[in-house]
Amino acid sequence: MNIAKPDVKNMYLCHKDINNYLKYLAKRYKKFVKLINIAKTFEGRYVKGILIDHSIGNLGINRNMIFIEGGTHAREWITISVALYCINQLTEKHFRHMDILSKARFFIVPLVNPDGYEYSRTQNKRWRKNRSLNSKNKCIGTDCNRNYDFKWKFKEQADGVKCTFKGEFPFSEVETQGIKNMMETFSDQILFFLSLHSYAQSIMYPWAYTKELPPQWPLLHEVAEAGFGAIKKSTGRIYKYGSISNVTKKIFSGTVVDYAFGVMKIPICLVMELPSSKYGFQPPNELIESIAIESWIGIRAMCMESLSSYNKILYIPQTLIPKFFEKENNDENNDIKLRSAV
Ligand SMILES: [Zn+2]
């Protein structure tokens with residue numbers, strides 16, 4: 001059976017072609033690629049994740065998985081292209097990236113919300129949520145990035161935007177259930193969780209629900225800074241970085257990154273808002289490849305920094321870890337707020 005290979009770099013693919021591309025890769029690179037169906041949506045579409053594992057599971061350290069998700073918000077098309085480009089590099093160009101692939105496994109879900117995405121392609125380019133029906137709310141759809149069970153009740157209407165619906169209860173949506181199930185499947189193996197959004201051009205870490213910083217913030221900050229530095233060096237583009245609530249100056253409840261960090265206890269959790277305010281959620285086709293290349297440079301640097309930083313921390317005696325973070329937190333708490341406000 002021949003499967004056509006869609007062009008992931010120069011156009012926004014439809015859901016069907018995205019899944020065809022993943023199927024093509026699973027067939028072409030069956031030694032190290034595996035597809036997993038993580039959900040079937042309200043409108044009957046399959047959400048697929050791709051596992052890229054050159055190691056056959058034996059990499060010497062327990063936490064060696066990097067989990068990346070894109071396309072949670074329907075209109076943020078560029079996040080899907082960037083996730084597909086990461087997949088492209090780690091499969092079709094894997095020989096370029098053996099330094100990272102010899103240390104880490106990747107699980108990537110390029111399109112978490114295919115129903116919303118297809119609706120945004122055909123009906124309403126501004127659509128953000130999925131397309132499920134809610135009995136308690138007249139609006140169609142739930143905001144999947146407000147539906148995770150962490151401080152879900154914290155604010156009644158997540159960010160005050162009309163019709164931004166957080167769901168009737170936590171994990172009411174098959175898309176968020178699917179991501180949660182995969183986090184649980186790989187629970188003690190995930191080192192770094194990265195959620196792709198657009199277009200605020202920023203790299204951010206927990207918390208979203210409070211302006212307080214978690215005690216582990218220096219590690220998160222170091223990884224975000226690695227992404228910032230790599231992108232600045234490659235194209236000169238300046239990303240903001242810091243905690244979600246400090247950078248955005250808002251608080252959000254029920255987000256995937258807070259859940260991954262606060263409940264699943266994944267050591268490094270970040271959200272990367274891709275560029276840019278100039279082009280919005282759907283930059284023109286001719287810019288997709290350059291944004292994808294630049295973003296991959298940042299993502300790759302953050303993966304490498306995660307692996308080396310976490311290994312360093314593993315060598316600190318466990319009893320000293322809280323003290324280590326406490327000291328950093330007290331010394332630099334003010335500094336980070338200033339830097340992330342820029
Ligand atoms: Zn978003």
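Quantities reported herein were computed from a predicted structural model and do not represent experimental measurements.

Description of the coordination of the zinc ion
Part 1 of the argument: Protein coordination of the zinc ion is provided by His-73 (ND1), Glu-76 (OE), Glu-76 (OE) and His-197 (ND1), with donor distances spanning 2.1 to 2.4 Å.
Part 2 of the argument: For the zinc ion, the four donor atoms in the first shell make angles of 57 to 145 degrees at the metal, so the coordination geometry reads as irregular.
Part 3 of the argument: Site description for the zinc ion: donor spacing in sequence, H-x2-E-x120-H. Here His-73, found in the loop between strand 3 (65-69) and helix 2 (77-91), pairs with His-197, found in strand 5 (residues 190-198); they are 124 residues apart in sequence, far enough to count as distant. Note on accessibility: His-73 and His-197 belong to one class, buried.

What to know about the side chain of Ser-120
Part 1 of the argument: Tracing the chain through its elements places Ser-120 in helix 4 (residues 114-122).
Part 2 of the argument: Judged by its relative accessible area of 1%, Ser-120 falls in the buried class.
Part 3 of the argument: A distance of 2.8 Å separates polar atoms of two side chains, one belonging to Ser-120 and the other to Trp-77.
Part 4 of the argument: A distance of 2.8 Å separates the side chain of Ser-120 from the backbone oxygen of Tyr-117, its partner in a polar contact.

Notes on the packing of aromatic side chains
Part 1 of the argument: Taken as a whole and judged by the stated rule, the model has 17 aromatic pairs.
Part 2 of the argument: Ring centres of Phe-150 and Tyr-209 lie 5.5 Å apart, and the angle between their planes is 80 degrees; this geometry places the pair in the edge-to-face category. Taken together, the residues span a long stretch of sequence, with Phe-150 in the loop between helix 4 and helix 5 (174-185) and Tyr-209 in the loop between strand 6 (202-205) and helix 6 (217-235) at a distance of 59 residues.
Part 3 of the argument: Assessed through its relative accessible area of 13%, Phe-150 is described here as buried.
Part 4 of the argument: For Tyr-209, a relative accessible area of 17% puts it in the buried group.
Part 5 of the argument: Where Phe-228 meets Tyr-241, the ring centres are 4.7 Å apart and the plane angle is 35 degrees; that geometry is what we call tilted. Here the residue Phe-228 occupies a position in helix 6, and Tyr-241 occupies one in strand 7 (residues 240-243), the gap between them amounting to 13 residues.

A few points about the pairing of strand 4 (residues 105-109)
Part 1 of the argument: For strand 4, the buried fraction is high: five of the five residues fall into the buried class.
Part 2 of the argument: Going residue by residue along strand 4, you find Arg-105, Phe-107 and Val-109 tucked away on one face and Phe-106 and Ile-108 tucked away on the opposite face as well.
Part 3 of the argument: For strand 2 (residues 46-52) and strand 4, the ladder comprises three bridges, and the chain directions are antiparallel. When the bridges of strand 4 are listed, Ile-52 appears paired with Phe-106.
Part 4 of the argument: Of the pairings in the sheet, the one linking strand 3 to strand 4 comprises five bridges and is parallel in character. Bridging from a neighbouring strand, Glu-69 pairs with Val-109 of strand 4.

What counts and how
- Residues numbered from 1 in each chain as written.
- Predicted model: local features only at pLDDT ≥ 70, side-chain atom pairs only at ≥ 80, totals over all residues.
- Heavy atoms only, no water.
- Donors = N, O, S within 2.8 Å, 3.2 Å for Na, K, Ca; no water.
- Tetrahedral: all angles 85-135°; square planar, octahedral: opposite > 155°, others 65-115°.
- Helix = DSSP H or I, 4+ residues; strand = E, 2+ residues; numbered from the N terminus.
- Buried < 20%, exposed > 50% of the residue type's maximum accessible area, 1.4 Å probe, protein only.
- Polar contact = N/O pair within 3.5 Å; in protein donor to acceptor, adjacent residues only side chain to side chain.
- Phe/Tyr/Trp six-rings, centres within 6.5 Å; stacked < 30°, edge-to-face > 60°.
- Pairing = 2+ DSSP bridges.

Take it as geometry only, folks, not as evidence of what the structure does.
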